[in-house]
Amino acid sequence: MLKGKTALVTGSTSGIGLGIAIGLARQGANIVLNGFGDAEGPRAQVQAAGQHASVRVAYHGADMSRVADIEDMMAFGAREFGQVDILVNNAGIQHVANVEDFPVERWDSVIAINLTSAFHTTRLALPAMKAANWGRIINVASVHGLVGSAQKSAYVAAKHGIVGLTKVTALENATTGVTCNAICPGWVLTPLVQKQVDAKAAALGVSNEEAKKVLLGEKEPSMQFTTPEELAELAVFFCSSAANNVRGVAWNMDGGWAAQ
Ligand code: NAD
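Predicted, not measured: the structure shown is a model, and the values here were computed from it.

Comments concerning the packing of helix H1 (residues 15–26) against helix H8 (residues 228–239)
Geometrically, a packed helix pair is captured by the angle between its two axes and the distance between the axes. Where H1 contacts H8, the axes come no closer than 8 Å and their chain directions differ by 50 degrees. Classed by the angle they form, the pair H1 and H8 counts as oblique. Crossing of H1 over H8 shows right-handed handedness. Note on element contacts: H8 touches H1 through Pro228, Leu231, Ala232, Ala235, Val236 and Cys239, opposite Gly15, Ile16, Gly19, Ile20, Gly23 and Leu24. Here the contact of H1 with H8 is built from residues that sort into nine nonpolar, three polar and no charged.

A short note on the nonpolar core
General note: in soluble globular proteins, nonpolar side chains tend to be found buried as a group. Counting residues in each nonpolar core, the largest one holds 34 residues, and the members touching the most others are Ile20, Leu24, Ile31, Val46, Ile86 and Val88. Those elements that provide at least two residues to this core are strand S1 (6–9), H1, strand S2 (30–34), helix H2 (40–49), strand S4 (86–89), strand S5 (135–140) and H8. In this structure, Ala58, Ile70, Met73 and Met74 belong to the second largest nonpolar core, which totals 21 residues.

Considerations on the site of the ligand
Taken together, 30 residues lie around the ligand, and Ser14, Asn90, Tyr155, Val188 and Thr190 are the ones closest in. Thr13 places a side-chain nitrogen or oxygen 2.8 Å from an oxygen atom of the ligand. The contact in question runs from an oxygen atom of the ligand to an N or O atom on the side chain of Ser14, over 2.6 Å. Relative to its unbound accessible surface of 820 Å², the ligand loses 93% to contact with the protein. Breaking the shell around the ligand down by element, the ones donating at least two residues are H1, helix H5 (153–172) and helix H6 (191–204). Take the shell around the ligand: its biggest share by element is three residues, from H6. The residue inventory of the shell around the ligand, partitioned by class, reads 16 nonpolar, 12 polar and two charged. For the shell around the ligand, the two domains that each supply at least three residues are domain 1 (6–187 + 226–259) and domain 2 (189–225).

A closer look at the state of the cysteines
This model, assessed by the stated rule, comprises zero disulfides. The thiol sulfur of Cys180 is not disulfide-bonded, and the nearest other cysteine sulfur, from Cys184, lies at 11 Å. Of the cysteine sulfurs around Cys239, a residue in no disulfide, the closest is that of Cys180, at 12 Å. Given a relative accessible area of 4%, Cys239 falls into the buried group.

So, H8
With 12 residues, H8 extends 16 Å between its outermost C-alpha atoms, agreeing within 8% with the 16 Å of an ideal straight helix rising 1.5 Å per residue. Residues Pro228, Leu231, Ala232, Leu234, Ala235, Val236, Phe238 and Cys239 constitute the buried set of H8. Against H1, S4, S5, strand S6 (178–185) and strand S7 (250–253) lie the buried residues of H8.

Observations concerning the domain arrangement of the chain
For interface size, the figure often reported is the accessible area lost on association. For the chain, the assigned domains are domain 1 (6–187 + 226–259) and domain 2 (189–225). Look at where the C-alpha atoms of domain 1 and domain 2 centre, and you get two points 25 Å apart. Taken together, the contact pairs 18 residues of domain 1 with 14 residues of domain 2. In total, about 1,200 Å² of surface goes out of reach between domain 1 and domain 2, with carbon and sulfur atoms giving 61% of it.

Quick word on H2
Looking only at H2, the buried set comprises Pro42, Val46 and Ala49. Relative to the axis of H2, the buried residues are bounded by an arc of 60 degrees and lie together on one face. Where H2 is buried, its residues meet H1, S2 and strand S3 (57–60).

Side note on the side chain of Lys159
Along the chain, Lys159 falls in helix H5. Buried within the structure, Lys159 lacks any salt-bridge partner; Asp254 is the closest side chain of opposite charge, at an N-O distance of 14 Å. With sequence-adjacent residues up to four places away left out, Lys159 is seen in contact with Asn114, Val140, Ala141, Ser142, His144 and Gly145.

Rules used throughout
Residues numbered from 1 in each chain as written. Predicted model: local features only at pLDDT ≥ 70, side-chain atom pairs only at ≥ 80, totals over all residues. Heavy atoms only, no water. Axes fitted to C-alpha atoms, helices over the stretch in contact; angles between N-to-C directions. Helix = DSSP H or I, 4+ residues; strand = E, 2+ residues; numbered from the N terminus. Parallel < 35°, antiparallel > 145°, perpendicular 65-115°, else oblique. Left-handed = near helix turned anticlockwise from the far one by under 90°. Contact = heavy atoms within 4.5 Å. Nonpolar A, V, L, I, M, F, W, Y, C, P; charged D, E, K, R; others polar. Core = buried A, V, L, I, M, F, W, Y, C linked by side-chain atoms within 4.5 Å. Buried < 20%, exposed > 50% of the residue type's maximum accessible area, 1.4 Å probe, protein only. Near = heavy atom within 4 Å. Polar contact = N/O pair within 3.5 Å; in protein donor to acceptor, adjacent residues only side chain to side chain. Areas by Shrake-Rupley, 256 points an atom, 1.4 Å probe, with all protein chains shown as cover. Domains from an automatic or database assignment. Disulfide = S-S within 2.5 Å. Expected span 1.5 Å × (residues − 1). Buried area = accessible area lost by both parts, 1.4 Å probe. Arc of directions from axis to C-beta. Lys, Arg positive; Asp, Glu negative; His and termini not counted. Salt bridge = Lys/Arg side-chain N within 4 Å of Asp/Glu carboxyl O.

Listed below in C-alpha cells is the structure:
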C-alpha cells in the first residue's frame, strides 16, 4: 500500500515508534529511523518487516531537543529518499513530579522533545508534501493530550499542545492531499512506562506484576496495555486512502481511559 513512499519516524529505536516503523515498512514504505541507543537491532527488525517489498531503511541520530539536528535529519531524509511523505512525530520523554518540585531543565526538555520538535519537523516536511499534494503527518500524542494526571504537568501540557498543533496543521492543509492526525495511547508497556511500573513497585513494596495491575487499575478500565502493533495499525489506517478525509482528529486507543 505504501510502496514508493518514505516515512520518517522520530524516536523509533524503541517502543511505539519502532512498532509504527515496522508497521509502515510492512506496507512497503522506506523508513528513516531516529532515536538514541542501539540503532542496528531496530534497523534489522524494520528491514525484515519490509523485506518482501525491498524497503530501504536509513537512520539519523538527531537529538530532537536540538533544532540544528532536526534540520539536518529532515535534509538527510530528503537527500536519501527524494522526500519524506509520511512524518510520524513520536519521540517523547516523561518526568513525574509536583509542579512546585518540577526541575526547570526537565520542563524545558519535555516541552522541547514532546512538542517543539514536532513543530520543527512539520514546518520542514510540509513544503515537499504540499508540492506533491500528498502527505501524512501523524503525531503520537497521548491520552494525556485529552485529560490530565497529577504530577505530569510538562507532559500533559506538551501533549495537549501537540493535539492543538495537529488541529491547526490539519486545517491549514484541509484543501490539499496532506492530512495531520494524532494518536492518543493509554498505557503501553514500553521502557517509558516500565520506569513508572518500577517506581510504583518500589513505592508500594509489591511485585512488578502487581504494580502493573495497580497502574492499569488507576486509569484504564480494560485493564489491558495497548500494544505498539495496535498503534501501528492505526497509523497505517491514517496513511490509507480511506483516511483521505480524516483531518485533525485525536484518536485515543486507551482501553476506555478518557471515556470515564
Ligand atoms: P520509549 O522510551 O520506548 O521510546 C522513546 C523513543 O524516543 C526512543 O527511541 C528514544 O531513543 C527516543 N528519544 C528520547 N529522547 C529523544 C531525543 N531527545 N531525540 C531523539 N529521540 C529521542 O517510549 P514510548 O513509550 O515508545 O513513547 C513514544 C511516544 O509515545 C512518546 O511521545 C510518548 O509520550 C508516547 N506515549 C507513550 C505511552 C506509553 O504508555 N508508553 C502512552 C501515550 C503516549
